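Single-letter residue listing:
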Amino acid sequence: MGKDSKKKKSSKKKKAPVYLGLDKNGEPPEFPYVRASSSSIHNRGLFAATDIPEDDYVIQYLGEIIKKKESTQRANAQHDLSQTEDVGSVYIFELDDKTDIDGNFDWNIARLANHSCSPNCEAQNVEGEIWLVSLREIEEGEEITFDYGYALEHWEDHPCLCGSDNCVGHIVRKEDWNKLEKLKKRRKKKKVS
Ligand SMILES: C[S@@+](CC[C@H](N)C(=O)[O-])C[C@H]1O[C@@H](n2cnc3c(N)ncnc32)[C@H](O)[C@@H]1O
Ligand SMILES: [Zn+2]
C-alpha cells in the first residue's frame, strides 16, 4: 500500500447518521395514543393513553437507519448487555433486505412496546416507515403489544412472559408455533429417556 492510499483512507469522512421519523429540527413527533409505564411483561412497556379504534396507526417506530453489518454488531452488543443489566435485548427492527432501524434511543418510545402471543397491534411497513397498527379496539390503560415475529432459530434466547392464555413460552412468530411445540416435545422425550 503506497503513501497516497494511506492518506486517502485516513481522510475518509464518516457518514452522518440518518434518522427515520424526526422532523427537520431533529424532534420526534407526538403520539397521543400512548404513554410509557412499568410493565408486568418486562421492565417498561407502552400503554394506551386513550381508547384506540381498530385498524388505526398507533405509533411509529423511530430510529437510526443502519446497514445489516452494523446492525448485527449492535444487536450482539445489546444482547450481551441485557445479560447483566435490566434492559431489553433487542431494539433493532428490520426495514428491508439491506437496512434495519436501530430504535434504541430515548426519543423512540415505540421501542418500549413488548411482545405478546396475543397481540393487540401489528407492525406494518407503510411505505418505508414502521408503524404499530391496532388489530382491534384497545381500551385506555391496556398494554400495547405486537408479535415480534422472531424466527424459530434462536427461540431459547427469548423466553416469553406475555401472560396471555395462549402464550407459547417463547418469543417466536406465529407461523413457527407448531414447529416450536414439536421441538419442545422432542427435547422433553430426550430428557426423560
Ligand atoms: C424493544 S424492547 C421492549 C421494551 C422493554 N420492556 C424495555 O423496558 O426496554 C424488547 C425487549 O423487551 C423484552 N421483552 C419484550 N417482550 C417480552 C415478552 N413477551 N417476554 C419477555 N420479555 C420481553 C425482551 O428483553 C426484549 O428483547
Ligand atoms: Zn407469550
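Basis of the calculations
- Residues numbered from 1 in each chain as written.
- Chains lettered and ligands numbered in written order.
- Predicted model: local features only at pLDDT ≥ 70, side-chain atom pairs only at ≥ 80, totals over all residues.
- Helix = DSSP H or I, 4+ residues; strand = E, 2+ residues; numbered from the N terminus.
- Buried ≥ 20, exposed ≤ 12 C-beta atoms within 10 Å, placed from the backbone.
- Core = buried A, V, L, I, M, F, W, Y, C linked by C-beta atoms within 7 Å.
- Near = placed C-beta within 6 Å.
- Nonpolar A, V, L, I, M, F, W, Y, C, P; charged D, E, K, R; others polar.

1. Concerning unusual backbone geometry
Only a minority of non-glycine residues have a phi that is not negative, and only a minority of peptide bonds are not trans. With a phi close to 40 degrees, Asn-43 is a non-glycine residue in the positive phi region. On the secondary structure map, Asn-43 appears in the loop between strand 2 (34–38) and strand 3 (44–48). Positioned with a positive phi, Glu-127 is a non-glycine residue whose angle comes to about 50 degrees. Taking the number of C-beta atoms within 10 Å as the measure of exposure, Glu-127 has 5 and is therefore exposed.

2. With respect to the nonpolar core
Counting 24 residues, the largest nonpolar core has Val-34, Ala-48, Val-58, Ala-113, Leu-132 and Ile-144 as its most contacted members. Among the elements of the structure, strand 3, strand 4 (57–61), strand 6 (92–94), strand 10 (129–134) and strand 11 (143–146) are those that each provide at least two residues to this core. With six residues, the next largest nonpolar core counts Cys-117, Cys-160, Cys-162 and Val-172 among its residues.

3. Details of the site of ligand 1
The immediate surroundings of ligand 1 are formed by 21 residues, with His-42, Asn-43, Gly-88, Ser-89 and Asn-114 found nearest. Mapped by element, the contributors of at least two residues to the shell around ligand 1 are strand 3 and strand 8 (114–115). Looking at the shell around ligand 1 residue by residue, the class counts come to nine nonpolar, 10 polar and two charged.

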